[in-house]
Every structure is written in C-alpha cells, then in structure tokens.
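# Coordinates in review
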Amino acid sequence: MSYIEEIDPGTGALPPRAFFTSDAPSLSLNGTWDFRLDEGDWGTITVPGHWQLQGHGSPAYTNVKYPFPVEPPFVPSENPTGDYRLVFDLPENWPDEPAALRFDGIDSCGRVWLNDTELGITRGSRLPTEFEVGHLLRPSGNVLTVRVHQWSSGSYLEDQDMWWMSGIFRAVTLMSRPRGGVADYQVHASYDHVSGTGTLSVEGADLLITVPELGVESLPAGEVAEVPVEPWSAERPRLYDGFVHTEVERVPVRIGFRTVAIEDGVLTINGARVVFRGVNRHEHHPKFGRAVPRETALADVLLMKQHNVNAVRTSHYPPDPYFLQLCDEYGLWVIDECDLETHGFGELGWAGNPSDDPRWAESYVDRMRRMVERDKNHPSIVLWSLGNESHTGRNLAAMAEWTRDRDPSRPVHYEGDFDCEYVDVYSRMYASPEEVDHIGQERRHGIPFVLCEFAHAMGNGPGGMLEYRELFERHRTVQGGFIWEWIDHGLERDGHFAYGGDFGEPLHDGNFVIDGLVFPDRTPSPGLLEFAKVFEPVRITGTASGIRIASHYDHGSLDHLRFDWIHEVDGEEVASGALDVPSVAARQHADVPLPALAAAPGEGWLTVRASLAEATSWADAGHVVAWGQISIMEAAPVTPIGGVELVGVGDVLWLGPGEFDPATGLLTRLGEHPVDGPRLDLWRAPTDNDRGSDHPEERAWRDAGLHRLQHRVIEVDVQDAALVVRTRVAPPSWGFGMFADYHWTADGDRLRLRLTVTPDGEWPCTLPRLGLRLALPATLDTVEWFGAGPGEAYADSRQAARIGRFTSTVDGLQTPYVFPQENGNRADARWLRIGDLRIEGEPVFDFTARRWTSEDLDAARHTDDLQPREHVYLNLDLAQHGLGTASCGPGVLPQYRLHAQKATFSVTFATS
Ligand code: IPT
C-alpha cells in the first residue's frame, strides 16, 4: 500500500507548537515555483494557491457525497498529482542553527524532500506541518521538492461542504530555530471580573515574559503575576503587547486577559453571559479559492464588525493563522474548529465511519493537537470544536478528552454529540424556533446551548432571523448562534460566478455552495443588512412617553455611541438634532423623552440613530450601529377617486387617462404610454428557499400550475363611470381557480383600480405572491418611492428597511443573486414614481420592477442569462409569501405564509 493510503497522521514532522514569528531569521518561500501536473511538462505556479485555479484540472463541488468510491482508506488510482519545485538561496548571515520548514496548508497529502533528502509526509490539509531541516541547508541552490496528491486517506476526514481543490494553498516558511530559543510557549492570561485582576504566566521551557505596559519584566515560566488590567472581549478587544523571550530569541506576543467559564449552565466570559451573533466562515476568494490573501481576511473582519457580527465559527477547519490575529485585534469571539468532516459516510448509514474506528484514533487526536497547539495563544478563541458532521464515536471522545486535559481554559464544542457525552456545550444546527424554545425552557442537558448553524443564507434570505433573536433574549442558556454561512463560494468564470456543475463535474451539488451573507466578491447581500439590523447591539423603541434605549452589549457601556434623531414628514426631513442619552451599562436600558417636535400635517416618523462617537479600527466616526423608528403621526386615509365617465370611441374605451381594449378589458395605454394591462399575478421566480428540500413549496406551486395561469374573461361590463372586468384565473388541468374582478374608475387625470380576488374551489398550496403585473415602456427608468427601503424587504426579512423616501433606477432595484431568483421587492410603498408614472396605494403596496419577466428569472441559471427585454415589468403586490430558510432548515413560519383567500387591493395610476 502506498503512503497515500496509510492511516496515519503523516510522518517526519516536528511536534506541533504555537504559530509565531520572532526576531530569529526567517525566509518566506511563497512565490513562483516550478510545477507540473501528473508528470506533464514543467511550468510555473504561484504558491500559495490551488492548481485547479491556475490552469491545471478543475475544481469540483460536492456537499456531502465523496466524489470517489467509499472504501477507506483507498482512493482512486486516477489521483491528480502535482510536483512542486523551488530552488532557493539562504539570505546572507543565515545562522548555522537548527531550522524548521513550515507548511501552513497542503491539500491533501504532500511528500517533501529538501536537497534530495526526504523529510516526510503531510496530511491534514488545513493544519500546519513543520520539518527539521537545519542540517540539510546550504547557502545557495537549495532544492525543495513537494509531491502533492489530490486524494489520500486524509480525504476521508475532509469531506466539508466546499470545492475540492488541491495544492500548497497556504504559506511556506523557513525559520531559523536558534539553540536556546523559544521552542514553544503558552501564555495564560485570565481575568477576575470581581477584583479586576489579570493573572499572567507563561508556560514553556526556560522562558521569560515581559509586558512593559503592565510593569511585568522577565517573569520566568511558571511564575504568576497578578496585575490590574482591562479585560479582553469581542466588544473591547484590549490587547497588551509584550514578548516571550530567552537569552537568544524574542517572540512578540499580544495578550488579552479573559476567562471563559460555565456557571449554572450558562457560558460566561469575564463573568458576563455572552450571546453569539455569529457567522460560519469558510475561507474563500472568487479567484484564489482557499488561498485567501491577507487583505481579504481583513476585509472579512471589517465587514463583520461593521454589520454587528460578534462571533465566528471557523467552519470547518482552522483558518489561516492570520485570520485569528485579526480576531484578537478587532474583537470577534471564535469557535476554532478542527479540520474534520466525514459527512459522506452518512450516505452509507455511517457504516465504516472513521469516527468510531480505532485505526483512525491517532489521526483524529493528531488533528486536534495540531490545531490546539497552533492556536492556543489567541484570546479570541473561546471554544474548541472537534469538527463537523462526523457522526459520533470513540475517536471524537478521545479528541475531547485530550483537549480538556491540554487546555482546561476553553470548553469543547461538537454538534454531532447529540447526547452531550463528551462536549461542554449543547450544539444544534437548523433547529426551528419552536424547538429552540423547548430547549431553552427545559434547559436541555443542563449546559449552554448554541446553534452552530442556523438561518441558511442561500439565495434570497434567510427569512425569520428575528424569531431566533427573540429566543436568544428569552432563555439564558440559549446563547446565540452562527448563520450558515458568511460567503457564497462562487468562482469567477466566463463573466459570472460559477458553482457546482459549471466545471463539468459528473457528481455535484449545484448552487448549494452559494449560501452566504456576502456575495463571492464580498458585496453585502440584503441578508447581511438584515442580520446587522436584527442583531444590533442597541435596541431603540418607542414607549408610551418617549424613547427606550436598551443595550444588548454583554460587556461595555454605550459611552462610545452618540445618538441623534431626524423627524420626517411624508419622507421629507423637517427637523433633526442630537439626543441626550445617559450612560447605559451592559444589558441595561434608559428611557429618554421625545424631542420637541413641530406639528406638521402628513405621515410623521422619528428616526433615532446610535452611531460611533469616534472612529474605531473597524469603522469611521458616525458609522451607524443601531437605529429605530417611532411613528409620530399616521397618514390620513386615502379617499378613493371616481366620477369621470367612460367614453367609447370605435373599438377603444377611454376612462380618464386610461385606454382599454373592450374585448379583453385590458388597459392598453396610460396617458401617452402604451402598457400591457395589469393582470392578476401569483407567480414569482422560486427562491432557493422555495426550492428547499424539506419544504418543497416550489414543487407544490408548479404542480398546481401557478407558473402557467390562464386568464378567462367572463365579462367586460361598461358602466357609466366605471369599467368592470370579471375574469377567472386558473391553471390548466385543475378545477380550482380564482375570480379576479377589476373595477376601474377615474377622476381628471387619475385612474383607480380595485382588484377583488375570490378563490374558487380547493387551493392545494400557498401563493408565491398576490398582486398585479403590467408591462411598461423601457424608457420608464428612474424610480422614487415613499415606503420601506432602501433595500429589498420580504415579510420575514424586513427589519433592515426603514420608512422613508428613496430613489433608484430599474437596474438599481435588482439584487444579483448568483443563482437568479425572485429579488428586489420593495415593501409598503405609499406611492411610487417610475419615470413620469405615479402609483398610489390604499394605503400601501409592494413592488418589483425589472427588465425581464418572472419567467425569465425563473429560467436563468447565471446572472448573465438575464438579458433586458423591450419593457419594464412592474409588479404591484398586496403581499408575497415569506422567505423562510427551507433550503436547509425550517420553512416559512405560519405568520408569514400567503394563503389563497378573498382579498381586495387598490392602486391609483397617474401620469404627469
Ligand atoms: C450542514 C453542514 O454542517 C454545513 O457544512 C453545510 O453543508 C450546511 O449543512 C448546508 O449548507 S449539515 C446539514 C445536513 C444540515
């Protein structure tokens, strides 16, 4: 059997230790290497990187299934193999000392030689491996050769839901390791929140630690300093710079004092209960895959902080070490997760799963050891996670036991231990709000509860985040969760973002890899904006007599924020000012009076914002952290119009500004614009959540034929001052349908439509939408409305939309979901102006406007399949079905479902 298929954690490596840089010389070996695939011609490749993204072979995406026969530890004989070669010289004055060659990540198995001497075998793709090489180095012409295999026994442990991509995808570094230097170290820095004392010590042979700011000077290993400190938290990431040193080497360290504990079943940090407002983060870049550049990792952290994310689960492997440095510095709670997933065995009923097979025990524990040793000095890491979706078994229990023994300062997480036999935290994925409520009431298992995954952010959604937030606030042991997931793993290709199947993979899971809160290029999706609003750390609401400012911070006060207000009437600002808010401690609130507001006729809203008083490392001064809107005065009810007489001239009917076809009763012209009259519309291009596997809303809709409704004109009733068109709208081959009556009236230049729908027969499903669709000339392009905005909003994802006046264009209303689907709905419009056409609600309507039809959107597979037609298609809706998160998890909650029922809906059209 070849080494590729040995069940071992690799061979030849040095014992794992902390990731660090020091004042000892080191040499980055990143850059251009020689490369050939499968013994083809030599060319070059960039390290770090994946060969599939540099012209050799193709990426392939599967979620759960292994893309090869499951017969562990064997892998296909057709095993793409890349040979890497780098010739390098040592910098001048490179010391004659031991040296370590460190690989931060090789996917999946590497065999390494330096100057013709074999160093060993690496396994554990997202884990570091170091080899001792000092004795092999020469001043110039060193030849480093690495043979990398795409598949190895390790692949069975690396079945994460992501692209299969190979190569040396993280940094390669040569480090001088001086005799008498720092072999490894662990800084212990805990915090006593009662006394405000930090306890500092360092562990490691012959080490000293110095922290000038704390007056700690050459404290020897094993001795303890107790000093008053400011604690570290995700909210206030206070770090103390110091160094760990011996006589010959100095390692800069950044120390954060904090204590993680479980008290009475509640997870606390520095004595305070914490709530994770988290995301699952895969490492992804649309060009470089998992070889994420540093500035991209920083971009992630900044975006997270700016959108009120306070926690990250590093799904499902330890990230590039740089990301953890950023989490320490900018402040994010981290669940550091081991590089382990054997999900594909689930397809076999878990038969042969390595998790309970003693032959794999050492590989499991080795992976945990390499992660914990590498990352142990990060204050941001508050939980260790054993991995993901590997079912359960002895090897997982052994990992937990090893971890607790090695680092008792952090609890152990793993979702797959349903009975909580070897974990410290009860973790679930995609549990419904109802179940989470039960878990909280029962305090199930008596330990803290987290949702390691919830609210699947695939396509348009997730809907229903608000209901989870309420549970995180209702139950003390329900301590938040992590959205699945941070980023869409789309790969840039042919002018769009590619997903599973786009590379001709015989086995793939399509666009299931496109399920993030940010698009592949890291543009925030509406889901991220909704997250930022739902999970804002300050809640601003109206009370009977004023304004309540409630802090949902776990640690600091609100003193870093300033508050202001804006009074708008009918969407126009009439006054604004600063709002005085007294100091509010964590989890406390203050009630302040309303500012004095001038009485003004019209619909009045007071918007109160909390923004950063000063710039932070992650946002400018003035960045809005939270806001609330308080209704000051309601709009006056709309008086329906009428009175103008209907005029028939030849085969045309005129009613005010409207021209109708007397045969069909359809509106053909509005003022000077030709239109294709509003008709009842029930269809939307299904979202990924509509298409979801558990709650196949889409299938029910298509089975019912809602995508091909037919309209039968029953009667065109020409009255004196009204046109009444009675129709029945129904799908082919079924008996049920909907009567739709259009009742048109007009005054001088305004045309009013009252639509009445009445279901006929038994409706077998919910409705995607209920409203009107009309086609307008493409020249109607500018859009302005008074209603909810500026972004899209749906029944169960509408917290981020505020009431105001907004402008856009038809193109600007579109959300470019990587897999095209319903998007761009603007909610609760009081009025809309599109070009010179004005539409008024009674009192409100939702709308979408696009240059393609819902059917085009439904048929498209990539964004560039959508080509503008000759019209603008406008939907005016009474309602749409909610979004839910059925692409993985619960469907639309009952209160957001749209049922076929009798309804009336009125709008008025005017041209000017
Ligand atoms: C869950 C996985 O843990 C995660 O990696 C991802 O695949 C997610 O689903 C869906 O996108 S597992 C699933 C069986 C709930």
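Residues numbered from 1 in each chain as written. Predicted model: local features only at pLDDT ≥ 70, side-chain atom pairs only at ≥ 80, totals over all residues. Heavy atoms only, no water.

### Considerations on the pattern of salt bridges
- Enumeration over the complete set of coordinates arrives at 74 salt bridges.
- When the shortest N-O distance is used, the salt bridge between Arg17 and Glu130 registers 2.5 Å. You can see Arg17 sitting in the loop between strand E1 (10–11) and strand E2 (26–28) and its partner Glu130 sitting in strand E11 (residues 129–132), a full 113 residues away along the chain. As far as the burial class goes, Arg17 and Glu130 line up, both buried.
- Put simply, Asp564 and Arg609 hold a salt bridge, and the shortest N to O gap is 3.0 Å. Taken together, the residues Asp564 in strand E38 (residues 561–569) and Arg609 in strand E41 (residues 604–612) connect sequence positions 45 residues apart.
- A residue is classified by how much of its surface remains accessible, and Arg609, at 29% relative accessible area, is partly exposed. (Salt bridge = Lys/Arg side-chain N within 4 Å of Asp/Glu carboxyl O. Helix = DSSP H or I, 4+ residues; strand = E, 2+ residues; numbered from the N terminus. Buried < 20%, exposed > 50% of the residue type's maximum accessible area, 1.4 Å probe, protein only.)

### Digging into the environment of Met429
- Along the chain, Met429 turns up in strand E31 (residues 426–429).
- Classification of Met429 by relative accessible area gives buried; the value is 14%.
- Distance from Met429 to Gly416, taken between C-alpha atoms, is 9.6 Å for residues 13 residues apart in sequence.
- Excluding residues within four positions of it along the chain, Met429 makes contact with Asn388, Glu389, Glu415, Cys452 and Glu453. (Contact = heavy atoms within 4.5 Å.)

### A word on helix H7 (residues 526–534)
- Most of H7 sits inside the fold, with eight of its nine residues counted as buried.
- Among all positions of H7, only Pro526, Gly527, Leu528, Glu530, Phe531, Ala532, Lys533 and Val534 are buried.
- Elements that come into contact with the buried residues of H7 comprise strand E26 (276–280), helix H6 (465–474), strand E33 (478–483), strand E36 (538–542) and strand E42 (624–633).

### Remarks on the side chain of Asp856
- Counting through the fold element by element, Asp856 comes out in helix H9 (residues 854–859).
- With relative accessibility at 19%, the residue Asp856 sits in the buried group.
- With residues up to four places along the chain from it excluded, the contact list for Asp856 reads Leu866 and Arg869.

### Things to note about the packing of helix H5 (residues 433–442) against H6
- Where H5 contacts H6, the axes come no closer than 10 Å and their chain directions differ by 5°. It follows from the interaxial angle that H5 and H6 lie roughly parallel. Residues Pro433, Val436 and Asp437 of H5 lie in contact with H6, whose contacting residues are Glu467, Tyr468, Leu471 and Arg474.
- Partitioned by chemical class, the residues of the contact of H5 with H6 number four nonpolar, no polar and three charged. (Axes fitted to C-alpha atoms, helices over the stretch in contact; angles between N-to-C directions. Parallel < 35°, antiparallel > 145°, perpendicular 65-115°, else oblique. Nonpolar A, V, L, I, M, F, W, Y, C, P; charged D, E, K, R; others polar.)

### Thoughts on the packing of H6 against H7
- At their nearest, the axes of H6 and H7 sit 10 Å apart, and the two run at 30° to each other. Between H6 and H7, the angle falls in the class roughly parallel. With respect to the hand of their crossing, H6 and H7 are arranged in right-handed fashion. Two secondary-structure elements touch here, H6 through Met465, Leu466 and Arg469 and H7 through Gly527, Glu530, Phe531 and Val534.
- For the contact of H6 with H7, the per-class residue count stands at four nonpolar, one polar and two charged. (Left-handed = near helix turned anticlockwise from the far one by under 90°.)

### Considerations on a nonpolar patch on the surface
- Taken together, the side chains of Leu594, Ile632 and Met633 present a nonpolar region at the surface, about 210 Å² in accessible area.
- Along the chain, the position of Leu594 falls in the loop between strand E40 (589–593) and E41.
- Its relative accessible area of 36% is what places Leu594 among the partly exposed residues. (Patch = residues over 30% accessible without salt bridge, like charges linked within 9 Å, V, L, I, M, F, W, Y side chains within 5 Å. Areas by Shrake-Rupley, 256 points an atom, 1.4 Å probe, with all protein chains shown as cover.)

### Some details on the domain arrangement of the protein
- Its domain assignment divides the protein into domain 1 (2–176), domain 2 (186–260), domain 3 (273–534), domain 4 (538–633) and domain 5 (648–911).
- The centre of domain 1, based on its C-alpha atoms, is set 56 Å off from the matching centre of domain 5. (Domains from an automatic or database assignment.)

### Re the pairing of strand E17 (residues 197–203)
- As judged from the seven bridges shared by strand E16 (residues 186–192) and E17, these two strands associate in the antiparallel manner. Bridge pairing in E17 places Gln186 opposite Glu203.
- Linkage of E16 to E17, two consecutive antiparallel strands, is achieved through a turn of four residues, within which Gly196 is found at a positive phi near 75°.
- In this sheet, strand E20 (residues 225–228) lies alongside E17 in antiparallel orientation, the contact comprising four bridges. What sits directly across from Leu200, in E20, is Ala225. (Pairing = 2+ DSSP bridges.)

### Observations regarding the site of the ligand
- Around the ligand lies a shell of 14 residues, among which Asp161, His316, Asn388, Glu453 and His456 are the nearest.
- In this structure, an oxygen atom belonging to the ligand sits 3.3 Å away from a side-chain N or O atom of Asn63.
- Protein chains bury 85% of the 390 Å² of accessible surface belonging to the ligand in isolation.
- Across the shell around the ligand, the residue classes tally to five nonpolar, five polar and four charged. (Near = heavy atom within 4 Å. Polar contact = N/O pair within 3.5 Å; in protein donor to acceptor, adjacent residues only side chain to side chain.)

### Description of the environment of Phe660
- By secondary structure assignment, the location of Phe660 is in strand E45 (residues 658–660).
- Considered as a pair, Phe660 and Leu670 are 10 residues apart in the sequence and their alpha carbons are 9.2 Å apart.
- Not counting residues within four places of it along the chain, the set of residues in contact with Phe660 comprises Val652, Leu653, Leu655, Gly665, Leu666, Leu667, Thr668, Leu723, Trp744 and Leu751.

### Re empty space enclosed by the protein
- Under the definition given, this model contains seven cavities of 30 Å³ or more.
- The calculated volume of the largest cavity comes to roughly 100 Å³.
- At three residues, strand E13 (residues 162–164) tops the list of elements feeding residues into the lining of the largest cavity.
- Looking at side-chain class alone, the lining of the largest cavity contains five nonpolar, four polar and four charged residues.
- A volume near 80 Å³ is recorded for the second largest cavity.
- Taken together, Pro433, Ala455, Gly463, Gly464, Tyr468, Asp796, Gly884, Thr885, Pro890, Gly891, Leu893 and Tyr896 make up the lining of the second largest cavity.
- Partitioning the lining of the second largest cavity into residue classes produces six nonpolar, five polar and one charged. (1 Å grid on protein atoms, 1.4 Å probe; cavity = no way out; pocket = protein on both sides within 12 Å on 5 of 7 lines; lining within 4 Å. Points joined across faces, edges and corners; volume = space filled by probe spheres on them.)

### Considering the side chain of Glu453
- Tracing the backbone shows Glu453 in strand E32 (residues 449–454).
- The contacts of Glu453, once residues within four sequence positions are left out, are Asn280, Arg313, His316, Asn388, Arg428, Met429, Tyr430, Phe482 and Trp484.

### Digging into the environment of Pro128
- With respect to the element layout, Pro128 can be found in the loop between strand E10 (117–123) and E11.
- Put simply, Pro128 and Val172 are 44 residues apart on the chain and 9.7 Å apart in space, counted from C-alpha to C-alpha.
- The residues contacting Pro128, other than those within four sequence positions of it, are Phe103, Asp104, Arg370 and Arg374.

### Observations concerning the state of the cysteines
- As enumerated under the stated definition, the model contains zero disulfides in all.
- Of the cysteine sulfurs around Cys327, a residue in no disulfide, the closest is that of Cys338, at 17 Å.
- Free cysteine Cys420: the closest other cysteine sulfur is in Cys452, separated by 12 Å.
- The class of Cys420 is buried, set by a relative accessible area of 15%. (Disulfide = S-S within 2.5 Å.)

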